[in-house]
Amino acid sequence: MLKVLPRKKFFKGSSRLLLPVTAALLMVMMATWSLETRREEETAGATGGGGGGLEVVEGLPGDDARAVDLLQRHWLQAPSVLPYNLNESPAYLSAANGDTWTFVHHYVTRLFEGQRGGFFVEAGALDGQMLSNSLWLERELGWTGLLVEPDPVSYSRLVTKHRKAWTSNTCLSHTGVTKASVHVSLTLPAGYRARPWYMKGSSYEIGFSLNSPSISNYVNAADKSYSVVSCFPLVSYLRALNVSTIDFLSLDTQGSEMEILKTIPWDEVNVRAVVVEIIGSRTGARFVGYMKSLGFTLVGHFLDYIFVKEGDPSLDKLRSKDGWELVIMNPTEEEPEVTTTGKGQGGQ
């Protein structure tokens, strides 16, 4: 039988129940508002990573406190706290995991599998997913890092991916001081058959090129737009983020890679592994010699060259794997053949 409570007793008991419910609802509303506010901030153009229309003060050394302060306040956006927003379409993923990505990923997984909590730097990050050499480290191993992308269109897409890394709409300075540079943004022209993001990934800084006739013809066919971008030496970013060890450095800056590496104070910064894009075996030979002088060993290349610091545990781990081989691949005008050397250290 249903018992009807007196009105006074009913409201007296209900008030004790309503108070915690109301408090819980308020907490949910506040959390939702906070999340939506952060979502709006992250997707509204990422002014924290792009300078908000400012231009850098030129000529400041990378370790100058003024350069570090400018970078911190105007050109760095914090890692996203929102869920990933990655493109899962089959056509996009086919391109994202194509080109040289498979080759680099082969080594990245074998060098770093099981190593959690590392720090990467990827310069030439494109949209944060297409051909990304760092996304697997972030998603699967919980790494964080820094994504640098000078192209304004690519960067606007990058921040929508909600990467768990710092991002910056700048470029790495190849001079060792802060500078403004002209960035040439490439777009696939109407009627040209190619993957659009591959064309966008060939965008470059005026004054640099990859010295390849086939790539020059490809670039010359693109529609071009121009923008002024602020550039900081790599050490400025590291000082701003209080980082002294880069576990994995990926450079794809369309010709300025070696000059960027020459700006690093190697006695202050520990870099464990480096991936760089190099076109042409003559350039590659010079690069290998330079990296060897810094204590790095070439472990493989296929347009992208992969170097690991001698004595690093990841190199020993790679060499210990059954069937590991140093693979030398040169599909260029100068050296089109593919060669494979011996296993283990004998292949060095």
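Scroll up to find the structure.
Residues numbered from 1 in each chain as written. Predicted model: local features only at pLDDT ≥ 70, side-chain atom pairs only at ≥ 80, totals over all residues. Heavy atoms only, no water.

*Asks:* I would appreciate a short explanation of the overall build of the chain in the present structure.
*Replies:* Within the chain one finds 13 helices and 15 strands. Counting only residues that meet the buried cut, the chain has 48% of its 348 residues in that class. The contacts in the chain between residues at least 6 apart in sequence include a share of 74% that link residues at least 24 apart. Carbon and sulfur atoms make up 57% of the accessible area of the chain, which amounts to about 17200 Å² in all. (Helix = DSSP H or I, 4+ residues; strand = E, 2+ residues; numbered from the N terminus. Buried < 20%, exposed > 50% of the residue type's maximum accessible area, 1.4 Å probe, protein only. Contact = heavy atoms within 4.5 Å. Areas by Shrake-Rupley, 256 points an atom, 1.4 Å probe, with all protein chains shown as cover.)

*Asks:* Even after reading the chapter, I still don't get the side chain of Ser 250, so can you show me in this structure?
*Replies:* Residue position: Ser 250 is located in strand E9 (residues 248-251). On the accessibility criterion, Ser 250 (2% relative accessible area) is buried. If near-sequence neighbours (up to four positions away) are discounted, Ser 250 is found in contact with Val 121, Glu 122, Ala 123, Asn 133 and Val 275.

*Asks:* Where do I start with the environment of Ser 256 in this structure?
*Replies:* With respect to the element layout, Ser 256 can be found in the loop between E9 and helix H11 (257-262). Along the backbone, Ser 256 and Ser 173 are 83 residues apart, and their C-alpha atoms lie at a distance of 8.8 Å.

*Asks:* I'm lost on the pattern of salt bridges in this one. Help?
*Replies:* Two side chains of opposite charge can pair, provided their charged atoms sit close to one another. In this structure the tally under the stated criterion is nine salt bridges. Note that Lys 161 and Asp 127 form a salt bridge whose closest N and O atoms lie 3.6 Å from each other. With Lys 161 in the loop between helix H7 (152-158) and strand E3 (166-168) and Asp 127 in the loop between strand E1 (119-123) and helix H6 (135-141), this residue pair connects regions lying 34 residues apart in the sequence. In this structure, Arg 239 engages Glu 268 in a salt bridge whose closest nitrogen and oxygen atoms are separated by 3.1 Å. A residue pair is termed long-range when its members are at least 10 positions apart, and Arg 239 in helix H10 (residues 234-241) and Glu 268 in the loop between H11 and strand E10 (270-271) qualify at 29 residues. (Salt bridge = Lys/Arg side-chain N within 4 Å of Asp/Glu carboxyl O.)

*Asks:* Hey, could you run me through the packing of aromatic side chains in this one?
*Replies:* Aromatic rings in a pair are described by how distant their centres are and how their planes are angled relative to each other. Enumeration according to the criterion identifies nine aromatic pairs in this entry. Seen in terms of ring centroids, Trp 266 and Phe 296 are 5.8 Å apart; in terms of plane orientation they differ by 70°. Their pairing is edge-to-face. With Trp 266 in the loop between H11 and E10 and Phe 296 in strand E12 (residues 296-302), this pair connects stretches of sequence that are 30 residues apart. Residue class for Trp 266 comes out partly exposed when judged on its relative accessible area of 22%. Assessed through its relative accessible area of 4%, Phe 296 is described here as buried. Seen from their ring centres, Phe 287 and Phe 307 are 6.1 Å apart, and the 20° between their planes marks the pair as stacked. (Phe/Tyr/Trp six-rings, centres within 6.5 Å; stacked < 30°, edge-to-face > 60°.)

So far we have only geometry, and geometry alone does not tell us how the molecule works.
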